[in-house]
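Descriptive analysis of the structure
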Amino acid sequence: MSPLAPQPPRRVAVIGGTRVPFARSDGPYATASNQEMLTAALDGLVERYGLREPGAVGEFVAGAVLKHSRDFNLARETVLGSALDPRTPAYDIQQACGTGLQAVIAAANKIALGQTESAIAGGADTASDAPLGVNDRLRRILLEARRAKSTGGRLKALAKVRPGHLVPDIPRNAEPRTGLSMGEHAAVTARAWGITREEQDALAAASHRRLAAAYERGLFQDLVIPFRGLARDQNLRPGSTAEKLAALKPVFGLDAPGPTMTAGNSTPLTDGAATVLLASEEWAEARGVEPLAYLTAYETAAVDFVGGDVAGGEDGLLMAPAYAVPRMLERAGLGIGDFDLVEIHEAFASQVLATLAAWEKRGLAPVDRARLNVAGSSLATGHPFAATGARIVATLATLLAEREGPGRGLISVCAAGGQGVTAILERT
């Protein structure tokens, strides 16, 4: 018997998305777990698209960056606590801030290969309910006591405990290889690319202004569901202006002259969750659902932010999209001018501006600012690490659909560890 001929990949449709409003850490969601937030987002999607019946969804893939031990099987436990069929397989994925988009890519690949007809991808993160680890010195003593063969041996080990051992290990927003926070890394890159304070504040103010306008015109009516008393993203400041932001003191890069990065042009620590429904064209047609857009390409990259050209800006911690996007566009035979909308995750305003400059240095055309983050992005919305990718995919697909014609959108997400995840959405 001759082997079956390989089949071409199928188109992957973005059907829609649902998320909870994003909240500042230690605020309304201070006691909400990753699972609780992700379940709320998932239930919203199930309700909106009538996905309760057995086998409605092929699988669920999601993740979180800040995870408790209880979150070891987060996606599956979320399914079991949701309105989705409990027989739906699920698994976790994690790539720092790229988690949500990587979850979308993982689900899309199975649909494209014909291994499933539909899937839900997403992510959640809580900076409020971050896990606290046992002090490592105390942990070693406890393990020594556990290994002891006698009561006397256990008591001898436990006698080594000192008051200082009771101080917990608190998660740090720092790269293990450098000890620098993401903000400090971004400050180095901002200096290398000559990014000014004025440019950063203008971009941050525009993010708030555009997000506010998107809410006012009803863009998020089907995308955001109320949760714990919030109906809109808590970080949104409709009245933000570059002049008001200019009054804030710098918080990163203080070790060098002329620091430019403030709390106003950087993303805040945020709690939230987001999901997005993907499917084959056949699945969508059978259910009478019109896809918002199609996921047509994706690319990942990484930079050597430890030993590479960090001071020169080429290998800054958040600069991997500067390499991923040109590769993806070359493979797709596209240029920046072929995109109606561009979504760059705003980890920091300086990072967005450095990425734009790097794209131009690599031969891409300048991005029309009128097409950039037209409904606001992470500076205004907030950034629950693993949720951001799904938020952007669902928002961009919705923006393309409301144009009532063919369109194309670019997604660029930077991530800790010197990584980047990028993708293309199209509507034909």
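Let me begin by describing the structure that accompanies this report. Keep in mind that what you see is a predicted model, and the values were worked out from it rather than measured.

A look at helix 1 (residues 34–49)
Turn by turn, an α-helix covers 3.6 residues, leaving residues three or four places apart pointing in a common direction. Taking 1.5 Å of rise per residue, 16 residues should cover 22 Å, and helix 1 covers 23 Å from first to last C-alpha, within 8% of that figure. Those residues of helix 1 not exposed but buried are N34, M37, L38, T39, A40, A41, L42, G44, L45, V46 and Y49. Its buried side turned inward, helix 1 meets strand 1 (12–19), strand 3 (59–63), helix 2 (74–80), strand 5 (118–125) and strand 8 (270–280). Just past helix 1, the residue G50 takes up positive phi, approximately 60 degrees.

Concerning the pairing of strand 11 (residues 407–415)
Most of strand 11 sits inside the fold, with nine of its nine residues counted as buried. Here four bridges tie strand 10 (residues 341–344) to strand 11, and the two strands are oriented parallel to one another. Within strand 11, the residue paired with E343 across the bridge is I411. Summarising the sheet, strand 11 and strand 12 (residues 419–427) pair through nine bridges and their orientation is antiparallel. Each bridged residue has a counterpart across the sheet, and for A415 the counterpart in strand 12 is Q419.

Some remarks on unusual backbone geometry
In the Ramachandran plot, A96 falls in the positive-phi region, its phi being about 50 degrees despite a non-glycine side chain. Structurally, A96 can be placed in the loop between strand 4 (90–92) and helix 3 (99–112). Looking at A96, the relative accessible area reads 12%, which means it is buried. Positive phi, close to 55 degrees, is recorded for E404, a residue that is not glycine. Examined against the element boundaries, E404 turns out to sit in the loop between helix 13 (388–401) and strand 11. According to the relative accessible area criterion, E404 is exposed, its value standing at 73%.

Calculation rules
Residues numbered from 1 in each chain as written. Predicted model: local features only at pLDDT ≥ 70, side-chain atom pairs only at ≥ 80, totals over all residues. Heavy atoms only, no water. Helix = DSSP H or I, 4+ residues; strand = E, 2+ residues; numbered from the N terminus. Expected span 1.5 Å × (residues − 1). Buried < 20%, exposed > 50% of the residue type's maximum accessible area, 1.4 Å probe, protein only. Contact = heavy atoms within 4.5 Å. Pairing = 2+ DSSP bridges.

No statement about biological role is implied by the geometric values presented.
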